[in-house]
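Chains, contacts and geometry: an overview
One letter stands for each residue in the lines below.
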Amino acid sequence: MIIDSHVHISIYNKNAVSLEEAFELFLKVMEKNGIISAIIIPDNIEGGDGIADLDKAIELIGQRENLFLLGSPQIIQRGSNELGKYQRLLKEEKIKGLKFFPGHDPYFPTDERCLPYYELCEKLDIPVLFHTGENSGDSECAKWNDPKHIVQIAKKYLKLKVIITHYYWPKLDYCYEITKDVSNIYFELAALADKEVVEKSGGIEKIREILRKTIFDRPAKVIFGTDWPMCEIENHIELVKSLGLSKEIEEKVFYKNSINVYKLDIVKH
Ligand SMILES: [Zn+2]
């Protein structure tokens, strides 16, 4: 059983001509890879034809079981003004967490416009997810999501579940060291089996070494994700299987941790 906790519905890699087609394609890819559930992350760009925003994602999912969503507050455009909206969506369980995009957008995780969202999520025991690392072809942007800022947030909101995705690639060692002693930090694996990410981060053995250490330190806090469609689901499954984990720990990474952290109600047929 596998839950992919990080996918987007987009046509960025020209896999489909519409978001509807991209969504249908995702359903097929899920089935092919034995993915029984997924968390779809709407983009922080709204109303675009290239990637589904929250409204579009809600429409596409419809009544389907086992597909979940995160919210993506518009920090630059709307500051803290969407707090009421996200509080409602979280309480109605329309979304399972909030994702922040420092580095896509020019703000730091410590930006005071973000703080009311962290307070809300801490109060409701809902995780926040931070995009980290370089963007393809842009290393400058990583200054916005340096994990040193994320550590500050995790230490300020001690009960907040703080999830780092992309492991601040290509600086995995730095990210491991700086987060090592912060127990409310979680890791989600999206893009870590991507060719460019692997090459720039020191090769697949380096990725494996960091993941083994991280899973050893926090077996309940590492979550499987892929960043489909920009990354291949198959490579990510292969990466986790290549770590030589016990069956018990592998099950945690593939789905149990996600169920616990995001509080997912999975329907089994
Ligand atoms: Zn992503």
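Given the structure is predicted, the values throughout are model-derived calculations rather than measurements.

1. What about the layout of surface pockets?
Each pocket or cavity is described by its volume, and for the largest pocket that value is around 530 Å³. Forming the boundary of the largest pocket are 24 residues, of which His-104, His-131, Ser-136, Asp-227 and Met-230 lie nearest the centre. Of the residues contributing to the lining of the largest pocket, the split by class is 10 nonpolar, 8 polar and 6 charged. In this model, the second largest pocket occupies a volume close to 330 Å³. If one sorts the elements of the lining of the second largest pocket by residue count, strand β3 (residues 67–69) sits on top with 3 residues. Its residues assigned to classes, the lining of the second largest pocket comprises 5 nonpolar, 2 polar and 6 charged.

2. Some words on the pairing of strand β5 (residues 128–131)
The side-chain alternation of β5 yields two buried faces, one formed by Val-128 and Phe-130 and the other by Leu-129 and His-131. Where strand β4 (residues 98–100) meets β5, 3 bridges bridge the pair, whose relative direction is parallel. For Lys-99, the partnering residue across the bridge sits in β5 and is Leu-129. Handedness of the β-α-β unit built from β4, helix α5 (residues 115–124) and β5 comes out right-handed. Sheet analysis places β5 next to strand β6 (residues 162–165), joined by 4 bridges and oriented parallel. Paired with Leu-129 across the bridge in β6 is Ile-163.

3. Considering the pairing of β6
What you see with β6 is no split at all: Val-162 and Ile-164 on one side and Ile-163 and Thr-165 on the other are buried throughout. Assessed by its sense of winding, the connection that carries the chain from β5 through helix α6 (residues 147–156) to β6 is right-handed. Read from β6 through helix α7 (residues 172–179) to strand β7 (residues 185–188), the crossover connection turns out right-handed.

4. Looking at unusual backbone geometry
Note that the residue after Trp-169, namely Pro-170, is joined by a cis bond; omega there is 5 degrees. In this structure, Pro-229 follows Trp-228 across a cis peptide bond, with omega equal to 5 degrees. We note that His-166 has phi near 70 degrees; this positive angle belongs to a residue other than glycine. Within the fold, His-166 resides in the loop between β6 and α7. On the accessibility criterion, His-166 (4% relative accessible area) is buried. Here Asp-227, not a glycine, exhibits a phi torsion of approximately 75 degrees, which is positive. One can find Asp-227 in the loop between β8 (222–223) and α10 (233–241).

Parameters at a glance
Residues numbered from 1 in each chain as written. Predicted model: local features only at pLDDT ≥ 70, side-chain atom pairs only at ≥ 80, totals over all residues. Heavy atoms only, no water. 1 Å grid on protein atoms, 1.4 Å probe; cavity = no way out; pocket = protein on both sides within 12 Å on 5 of 7 lines; lining within 4 Å. Points joined across faces, edges and corners; volume = space filled by probe spheres on them. Nonpolar A, V, L, I, M, F, W, Y, C, P; charged D, E, K, R; others polar. Helix = DSSP H or I, 4+ residues; strand = E, 2+ residues; numbered from the N terminus. Buried < 20%, exposed > 50% of the residue type's maximum accessible area, 1.4 Å probe, protein only. Pairing = 2+ DSSP bridges. Right-handed = clockwise from strand over helix to strand, strands pointing away.

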